[in-house]
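Okay, here's what each chain looks like letter by letter:
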Amino acid sequence: MREIVLDTETTGFDPESGDRIVEIGAIELWNHVATGETYHVYINPERSMPAEAFGVHGIGPDLLEPPQKPEPGQITLKDKPVFAKVGQAFRDFVGDARLVIHNASFDMKFLNAELGWMGLPPIPMEQALDTLAIARKRFPGSPASLDALCRRFNIDNSNRVLHGALLDSEILAEVYLELIGGRQPDFGLSSASAESSTGGDIWRPGPRPNPLQPRITEDERAAHDAFVEKLGENALWSRT
């Protein structure tokens, strides 16, 4: 199963009001394992960068009003490609893979707006899996931001001073695997994973052909029986 863990950075909250994507970061998973394939691009939004958005991701100080001189190491966007130059390559990278996105409705509305302005077909919403919705269902009433989930699962996000699409995708991939039950939720071996991708069954452990010998001693068994007897006839162990 091919999945793309994805994140975007934007100039604001609403593409219909003129906001645009400025960064896309995505990593590829195959049967829940990172393949090393990534997609990452900075995009010239062809508009100014609101100070509020710059404060979140720190991208494009050269697009602020009034213009601000970039500091060493800052990402500038005036020399980056516009979305129309990278949209087809992005669509080809995604293909029909499932998209794993935190707060999927936000990123999907921007991606489909940009694709629509290019005349490309939208990505169906059912192709996206929203980890925010999964987290809220698993932990109702608890904070479900990416940072909060990192704290819950002891995932190191110390490098996440500002939002960045590729770094956030890498962190989200770890969070996603924890949300669905850990790095190997089906206990699949590598050979079985390849088989399952072609329609075969995923390997799962069966019963031992020869049960292990009990490790409890006779003295321990007698002590336990005496303890249970003191609990009376309604003791849990007496019901078996």
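Source: prediction; values computed, not measured.

Participant: Explain the pattern of salt bridges residue by residue, including any values.
Facilitator: Tallying each qualifying case throughout the model produces six salt bridges. Of the charged contacts in the structure, one is a salt bridge between R98 and E3, with a shortest N-O distance of 2.6 Å. Taken together, the residues span a long stretch of sequence, with R98 in strand β4 (residues 98-101) and E3 in strand β1 (residues 2-10) at a distance of 95 residues.

Participant: I'd like to hear about unusual backbone geometry, residue by residue, with values.
Facilitator: Here the amide bond leading from E65 into P66 is cis, since omega sits at -5°, within 30 degrees of zero. Examined against the element boundaries, P66 turns out to sit in the loop between α1 (51-57) and α2 (83-94). Despite not being glycine, H32 shows a phi value in the positive range, around 70°. When you line up the elements, H32 lands in the loop between β2 (21-30) and β3 (33-42). Classification of H32 as buried rests on a relative accessible area of 13%. Here the phi dihedral of N154 falls at roughly 55°; this positive angle occurs in a residue that is not glycine. Mapped onto the elements of the fold, N154 is located in the loop between α5 (146-153) and α6 (165-179). Since its relative accessible area comes to 71%, N154 is described here as exposed.

Participant: Which residues make up the sheet that holds β4, and what values go with them?
Facilitator: If you trace the five strands from one edge of the open sheet to the other, you get β3-β2-β1-β4-β5, paired in mixed fashion. Edge strands, defined here as strands with exactly one partner in the open sheet, are β3 and β5 (128-130). For this sheet the average axis-to-axis angle between neighbouring strands, irrespective of direction, equals 25°. Contacting β1, β2, β4 and β5, helix α3 (residues 104-118) crosses the sheet at an angle of about 80° to β1. Together, β1, β2, β3, β4 and β5 form the strand contacts of α6, whose direction differs from that of β2 by roughly 35°.

Rules used throughout
- Residues numbered from 1 in each chain as written.
- Predicted model: local features only at pLDDT ≥ 70, side-chain atom pairs only at ≥ 80, totals over all residues.
- Heavy atoms only, no water.
- Salt bridge = Lys/Arg side-chain N within 4 Å of Asp/Glu carboxyl O.
- Helix = DSSP H or I, 4+ residues; strand = E, 2+ residues; numbered from the N terminus.
- Buried < 20%, exposed > 50% of the residue type's maximum accessible area, 1.4 Å probe, protein only.
- Pairing = 2+ DSSP bridges.
- Axes fitted to C-alpha atoms, helices over the stretch in contact; angles between N-to-C directions.
- Contact = heavy atoms within 4.5 Å.

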